[in-house]
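Breakdown of the fold
In case you want the letters, here they are:
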Amino acid sequence: MRETDWTRVLGWSGYRVYQHEINEAAKTLKLWVRRTRGNRKLICWGCGRKLAEAYDSYEREVRDLPCFEFRTTVVVELYRVRCPDCGVKSEKVPLLPSKAPFSKRFEEAVGMACESASVRRVARQFGVAASTVRAIDLRYLRRWAEGRRRPALGQMGVDEIYLGKKQKFLTVVTHLETGEPLWFGRERKKETLDEFFEKQLSAFQRSVVRAACVDMWEPFRQSLEQWVPQCRIVYDKFHILQHASKAVDEVRRAEFFRKGGAARDLVRGKRWLLLTSWLHLDRGKRRQLNALFALNRRILKADLLKESLSPLWNYTYEGAMLRYLQSWIDQLRWQRLKPMEKLAGMLLDHLEGILNYCRTKVPMGVIEAVNGNIKALLRRGRGYRDMNYLLLKAQRLAATKTEFIALQKAA
Ligand SMILES: [Zn+2]
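Below is a short write-up of the structure.

Calculation criteria
Residues numbered from 1 in each chain as written. Predicted model: local features only at pLDDT ≥ 70, side-chain atom pairs only at ≥ 80, totals over all residues. Heavy atoms only, no water. Helix = DSSP H or I, 4+ residues; strand = E, 2+ residues; numbered from the N terminus. Buried < 20%, exposed > 50% of the residue type's maximum accessible area, 1.4 Å probe, protein only. Areas by Shrake-Rupley, 256 points an atom, 1.4 Å probe, with all protein chains shown as cover. Lys, Arg positive; Asp, Glu negative; His and termini not counted. Charge placed at Lys NZ, Arg CZ, Asp CG, Glu CD. Donors = N, O, S within 2.8 Å, 3.2 Å for Na, K, Ca; no water. Tetrahedral: all angles 85-135°; square planar, octahedral: opposite > 155°, others 65-115°.

For the protein chain, the count of helices and strands is 17 helices and 12 strands. Taking the principal axes of its C-alpha atoms as reference, the protein chain extends roughly 90 × 55 × 45 Å. When burial is assessed residue by residue, the protein chain has 44% of its 411 residues classed as buried. Accessible surface, the protein chain as shown: approximately 23,000 Å² in total, 52% of it carbon and sulfur. On the protein chain, the mean spot of the 78 positive side-chain charges and the mean spot of the 46 negative ones are 4 Å from each other.

Okay, structure coming up:
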């Protein structure tokens, strides 16, 4: 093959191959490239200024995509420029997006592979270290994020994710209209959310926030009232049903404690059955749950009460919603279910925010979906020490999913 053929196969625009080396034993291909004669505009790495003259030249070797079975590297002749602002700097070449020894399309292939496979698997596939894969993926995601348009935040969601004993909570701010996470903060204090409003949004951006979907968590409410006083606070289905599940759990635990002995064995490890909707259980699991209920009518009652709370959000007219809630609370009388009564008290205390659901029409299920995605990423990735990486990853996941849905609709 002649060098001009290699130039065409390589396809780096503005560059030509002037030398190549094939090592059949090692299965490697090495190409030496330099600029074509017409390609003379140099860009300063520091500031992006265009310069006509080169200061000196040097070589850099980078990994590119493999050619058949040959691991391919390209040795590029690069220039340094003398920039009036930055001094002597390397030139910036679009084909080489970072200082790391990889071409842009190699990094893109790795980043794309990371969307559907674990870091370890991608590392094996491309023959690079796991830490390198992570660094490439992070750069890939950053470049993607830089080029994106950011729609104004009109409806936001605030939620927390429990990370474990050591790291405690992660506060997640979600853009409800685009369905993607916007920001992560450590812990779940008022100061956590304050930081988001202060550092991430301008005064104008804060002024256009119309609704916030949050858990019934006092510190978040305080922060919202301070920073976005015009915004309507909505306590949505997802969060309230989480509390209802916890109440059922508490009833179960109290019974577990009361019965002791033999009953415990039947109850042990069945907690998740109660947390799963009846419709999603197969016949065997339903039988187990029935045995459990026979053992304890009080748990059955609590569970039914939890299930019957969820139609509350079918109402779009607040009078009707209020009536339904009132009748739900009326059912609790004479049941002697302390945790459920506590939940009812909580709902009454937050009534305004529950009814706000009818007034703002926030999309349902977005927070739940974002929450689920982040948890799935955490399970798959193990140890996202870099929260920014986790955030970009979750944003990319949300964005590609939406694109996927959009494509399906078009088809
Ligand atoms: Zn410069």
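Okay, the environment of Asp 249 next. Looking at the secondary structure, you find Asp 249 in helix H8 (residues 237-259). Residue classification places Asp 249 among the buried residues on the basis of a relative accessible area of 7%.

Bringing the coordination of the zinc ion into the picture now. Any two of four tetrahedral donors ideally make an angle of 109.5 degrees at the metal, while pairs among six octahedral donors ideally make 90 or 180 degrees. Around the zinc ion, the protein supplies Cys 44 (SG), Cys 47 (SG), Cys 83 (SG) and Cys 86 (SG) as donor atoms, at distances of 2.3 Å. Geometry at the zinc ion is tetrahedral, judged from the 4 donor atoms that bind it and their angles of 106 to 113° at the metal. Counting gaps between the donor residues of the zinc ion yields the pattern C-x2-C-x35-C-x2-C. Placement of the pair is Cys 44 in the loop between strand E3 (42-43) and strand E4 (50-51) and Cys 86 in the loop between strand E6 (71-83) and strand E7 (87-90), with a sequence separation of 42 residues. Among the residues examined, Cys 44 registers a relative accessible area of 0% and is labelled buried.

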